[in-house]
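Understanding the architecture of this molecule
Take a look at the letters that make up each chain.
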Amino acid sequence: MTQQTHEPGTPPTAPDPATAPTTPTAVGPAPAPAPATLGAPPFPPLAEPRPLAEPRVWPRTFHDRLTAPLPGLKALARFAREGAVRPGPEGLADIPRLPYEPAPLPRVDAGTLAVTWAGHASWVVQAGGLTVLTDPVWSRRILGTPARITPVGVPWDDLPRVDAVVISHNHYDHLDAPTLRRLPRDTPVFVPAGLGGWFRRREFTCVTELDWWEGAELAGVRFDFVPAHHWSKRTLTDTCHSLWGGWVLTVPGGRRVYFAGDTGYGHWFSRIGRRYPGIDLALMPIGAYDPRWWLSDVHCDPEEAVQATLDLGARRMAPMHWATFVLSAEPVLEPLTRVRTAWEKAGLDRADLWDLPVGASRTLD
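Residues take numbers from 1 onward in each chain, read along the sequence in its written order. Totals for whole chains, interfaces and linings use all residues, but because this is a predicted model, local features are given only for residues with pLDDT of at least 70 and pairs of side-chain atoms are given and counted only at 80 or more. The basis for the side-chain values is all heavy atoms of the structure; hydrogens and waters are excluded.

**A closer look at the packing of aromatic side chains**
Ring geometry is summarised as follows: Phe, Tyr and Trp rings, the Trp one being its six-membered ring, pair when their centres sit within 6.5 Å, and such pairs are stacked at plane angles under 30 degrees, edge-to-face over 60 and tilted between the two. Under the definition given, this model contains 13 aromatic pairs. Here the aromatic rings of tryptophan 213 and tryptophan 268 are separated by 5.9 Å at their centres, their planes lie at 65°, and the arrangement is edge-to-face. Of the two residues, tryptophan 213 sits in the loop between β6 (207-210) and β7 (214-218) while tryptophan 268 sits in helix α6 (residues 268-275), which places them 55 residues apart along the sequence. The two residues tryptophan 213 and tryptophan 268 agree in class, both being buried. Pairing phenylalanine 225 with tryptophan 247 gives two aromatic rings, centres 4.8 Å apart and planes at 45°, and the pair type is tilted. With phenylalanine 225 in strand β8 (residues 221-226) and tryptophan 247 in strand β9 (residues 246-250), this pair connects stretches of sequence that are 22 residues apart. Grouped by ring-pair contacts, the aromatic residues Phe190, Phe223, Phe225 and Trp247 constitute a single cluster. Helix numbers and strand numbers start at the N terminus; a helix is a DSSP run of H or I with at least 4 residues, a strand a run of E with at least 2. Burial classification: accessible surface area is computed with a 1.4 Å probe over protein chains only, and a residue below 20% of its type maximum counts as buried, one above 50% as exposed, and the rest as partly exposed.

What follows is the structure, encoded as structure tokens:
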């Protein structure tokens, strides 16, 4: 199995930044590229859709996909010494102010694109007549983390029939076994390369594993798996044994939503935007970023999330990955204030920043 460390359609002998570390906080974000031209063809052209639930054989490790080295002993020793992994009392004082406004899911038809933020990286995406869950975590707690600080925005019993699930990677705050046990086992799930066995062991019967730049179709909606600046690990012995990434959903008529999953800032965003021009909405992580020396390679801060949206050529951005679990040291309300400031400084239309409260929805007709 040849791993795609370069984009399909580009010479494999060309220098490949995917195997080199990136340090966006050291050099600053790249200048914003020109927005994607409406109707521009993808470059390179999209691959033919893979069959659903296709048996695949994968390499044992995806370490060569890392865009930054994993922390070594020196970094781990500093982390243990400083121990700054939670905000202090002042940083937690704003928990009661976190935006939480649950409401009924919007009523949609096949031509409507709607998103509802259930919290963290969990979205209910209604697109092309399908209801798709992203990284569904309905549990109150996840392993190694305090209980969620806002309730789930959408009660599980209020969900319509779930037509598909997309998973970005196997970290516990994105792959939650108790939540997934609630689903019928014939629910189609789209997962990164190497993660299918986890689902099949739990008796899911329609599991589609994809490599970067590959796609599959379900009921006319295309699901493409795209790179991210992150990593994977679930146990002591499976570091980078499965891939990580984001998803681009394209509905009939061309509307597109990009779900970033979990990612740091880097070169992949402009490449994704070139390959999937005309992204209508980018679901972007803005939290779990402090301390930067520890987290910059794997988690965007709010300013980088705005820059990544520009790199993608996306028309709108909806922040996520904040206000749900306390995973790092920044004050709990800071991601929202910083992303609003960064959006304004970039000269972008305020209406295109969908800074939703947990439980709220927005619709594109």
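Additional details are given in the paragraphs that follow.
**Some words on the confidence of the model for the protein**
Scored from 0 to 100, pLDDT reflects the predictor's confidence in each residue. Averaged over all residues, the pLDDT of the protein is 91; the fraction at 70 or higher stands at 89%. Per-element mean pLDDT across the protein ranges from 38 in helix α1 (residues 24-27) up to 99 in strand β4 (residues 164-166). Across residues 1-5 the pLDDT falls below 50, and counting only partners more than four positions away or on other chains, this stretch makes 20 contacts in the model. Should any heavy atoms of two residues lie within 4.5 Å, those residues are considered in contact. The model gives residues 11-37 a pLDDT under 50, and that stretch makes 47 contacts with residues more than four places away or in other chains.

**Remarks on the pairing of β7**
Of all five residues that make up β7, four are buried, and the element is covered over most of its length. DSSP calls a pair of strands paired once it identifies at least 2 bridges connecting them. Where β7 and β8 come together, five bridges link them in antiparallel fashion. Note on β8: the bridge partner recorded for glycine 215 is aspartate 224. Taking the residues that link successive antiparallel strands as the turn, the β7-β8 hairpin has two residues, and the phi of alanine 219 there is positive, at about 50°.

**Observations concerning the sheet that holds strand β11 (residues 281-285)**
Sheet architecture is open: six strands sit in the order β7-β8-β9-β10-β11-β12, paired in mixed fashion. Sheet topology places β7 and β12 (317-320) at the edges, where each strand pairs with a single neighbour. Each strand axis lies, on average, 20° off the axis of its neighbour in the sheet, ignoring direction. Bridge analysis of β8 against β9 gives five bridges, and the strand direction is antiparallel. By the bridge assignment for β9, phenylalanine 223 is matched with leucine 249. Docked against the sheet, helix α8 (residues 302-312) engages β10 (256-259), β11 and β12, running at close to 150° with respect to β11. In this analysis an axis means a line fitted to C-alpha atoms, helices contributing only their contacting stretch, and an angle means the value between N-to-C directions, from 0 to 180 degrees.

**Here we look at the sheet that holds strand β1 (residues 113-119)**
Spatially, the seven strands line up as an open sheet ordered β6-β5-β4-β3-β2-β1-β13, and their pairing is mixed. Each having just a single partner strand, β6 and β13 (361-364) make up the two edges of the open sheet. Strand-to-strand twist of the sheet, defined as the mean angle between neighbouring strand axes without regard to direction, takes the value 20°. Of the strand pairs in this sheet, strand β5 (residues 189-192) and β6 are connected by four bridges, and their pairing is parallel. Bridged to proline 192 within β6 is leucine 210.

**Notes on α8**
Most of α8 sits out of view: nine of its 11 residues are buried. Those residues of α8 not exposed but buried are Pro302, Glu304, Ala305, Val306, Gln307, Ala308, Thr309, Asp311 and Leu312. Each polar contact in these results corresponds to two N or O atoms within 3.5 Å; when the atoms are within protein, one needs to be able to donate a hydrogen and the other to accept it, and residues that are neighboring in sequence are counted only if both atoms are side-chain atoms. The N-capping residue of α8, defined by a side-chain oxygen 3.2 Å from the backbone nitrogen of glutamate 303, is aspartate 301. Positive phi appears at glycine 313, one or two residues downstream of α8, with a value of about 75°.

**Some points on the nonpolar core**
Definition of nonpolar core: a set of buried residues of the types Ala, Val, Leu, Ile, Met, Phe, Trp, Tyr and Cys, connected through side-chain atoms within 4.5 Å. Formed by 74 residues in total, the largest nonpolar core has its most connected members in Trp123, Val125, Phe223, Tyr258 and Met284. Those residues within four positions of tryptophan 123 in sequence are excluded, and the remaining contacts are Val115, Thr116, Trp117, Val132, Leu133, Thr134, Phe259, Leu283, Ala318, Pro319, Met320 and Leu356. Counting residues in each nonpolar core, the second largest holds 23 residues, with Leu133, Trp156, Val189 and Leu195 among its members.

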